[in-house]
Amino acid sequence: FETPIYEVQVTGIDVDSDENVFVTGWYYDNNDDNDKMFIEKLDQDLGRVWTKTLQTDTNYGMYGGDCASDALGNIYVVGAYQINIVNGNGTTNESAGVLVKLNSSGTVQWTHRIGPGPCGSFVVGLTATDTGDVYISAATFAKRSDGAYADISQFSQEAYGANKLLVGHYNTQG
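Computed from a predicted model, the values in this text were never measured in an experiment.

Moving on: the overall build of the protein chain. Counting its regular elements, the protein chain contains zero helices and eleven strands. The order of helices and strands in the protein chain, counted from the N terminus, is β-β-β-β-β-β-β-β-β-β-β. Surface accessibility of the protein chain: about 9200 Å² in total, with carbon and sulfur atoms responsible for 48%.

Structure below.
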């Protein structure tokens with residue numbers, strides 16, 4: 001990385017049919033005090049081909065999750081970004097999942113936000129087919145009316161709902 005960083009977390013890795021290696025995760029950027037998602041492409045000798053930082057237009061933290069490539073040369077990356085919302089009860093943190101498609105040169109083709117709603121959303125895994133279809137798995141976390149996450153003892157109560165598993169499917173066009 002060319003920017004001063006404090007911490008790097010690697011969260012996903014994939015190898016395509018040409019033996020290129022893709023690594024994703026997130027890092028803390030000391031320049032603007034934000035967490036940023038990244039995807040890096042390495043050649044078969046592990047030499048850097050390109051690195052792409054993925055971030056929002058605002059000061060939200062963005063975290064990488066997993067990555068997968070398809071036989072068409074595309075790479076898909078999932079993660080989440082943290083949103084601070086000020087409401088009548090104070091500031092709460094919400095999260096939204098994100099799915100990003102890049103071509104083999106690292107150019108973003110499309111992005112899909114997953115959430116946020118009255119709960120936090122985190123995309124935790126994905127797989128890509130040879131034809132470019134993508135399947136993701138995500139989790140949402142129950143929130144109480146005061147904006148705090150419900151604790152384990154509250155998950156069984158109907159009023160608070162419960163954690164939910166989400167599975168999604170996207171074609172190569174998004």
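Having seen it, we continue.
Let us now look at the packing of aromatic side chains. If you walk through the whole model with that rule in mind, you get four aromatic pairs. The interplanar angle of 55° and the centroid separation of 6.3 Å between the aromatic rings of Phe22 and Trp50 together place this pair among those described as tilted. Of this pair, Phe22 sits in strand 2 (residues 21–29) while Trp50 sits in strand 4 (residues 48–54); the two residues are 28 residues apart in sequence, bridging distant segments of the chain. Taken individually, Phe22 and Trp50 each receive the classification buried, so the pair is uniform in this respect. Ring centres of Tyr76 and Trp110 lie 6.2 Å apart, and the angle between their planes is 50°; this geometry places the pair in the tilted category. You can see Tyr76 sitting in strand 6 (residues 75–87) and its partner Trp110 sitting in strand 8 (residues 108–114), a full 34 residues away along the chain. Accessibility expressed as a relative area gives 0% for Tyr76, which makes it buried.

Another point: the confidence of the model for the protein chain. Considering every residue of the protein chain, the mean pLDDT works out to 76; 66% of them sit at 70 or more. Note on residues 149–160: pLDDT under 50 across the span, and 22 contacts to partners over four residues away in sequence or across chains.

Ranked by size, the top nonpolar core spans 14 residues in total, and within it Ile39 and Ile75 carry the most contacts. Where this core is concerned, the elements lending two or more residues are strand 3 (34–42), strand 4, strand 5 (61–69), strand 6 and strand 7 (90–102). In terms of residue count, strand 7 provides more of this core than any other element does, four residues in total. Excluding its chain neighbours within four sequence positions, the residues that come into contact with Ile75 are Phe22, Ile39, Trp50, Cys67, Ala68, Ser69, Val100, Lys101, Leu102 and Asn103.

Before going further, it helps to spend a moment on the pattern of salt bridges. Tallied over the entire structure, the rule returns one salt bridge. Residue Glu40 pairs with Arg48 through a salt bridge whose shortest N-O separation is 2.8 Å. Classification of Glu40 as buried rests on a relative accessible area of 13%. By relative accessible area, which is 51% here, Arg48 ends up exposed.

Quick notes on the rules
- Residues numbered from 1 in each chain as written.
- Predicted model: local features only at pLDDT ≥ 70, side-chain atom pairs only at ≥ 80, totals over all residues.
- Heavy atoms only, no water.
- Helix = DSSP H or I, 4+ residues; strand = E, 2+ residues; numbered from the N terminus.
- Areas by Shrake-Rupley, 256 points an atom, 1.4 Å probe, with all protein chains shown as cover.
- Phe/Tyr/Trp six-rings, centres within 6.5 Å; stacked < 30°, edge-to-face > 60°.
- Buried < 20%, exposed > 50% of the residue type's maximum accessible area, 1.4 Å probe, protein only.
- pLDDT = per-residue confidence, 0-100.
- Contact = heavy atoms within 4.5 Å.
- Core = buried A, V, L, I, M, F, W, Y, C linked by side-chain atoms within 4.5 Å.
- Salt bridge = Lys/Arg side-chain N within 4 Å of Asp/Glu carboxyl O.

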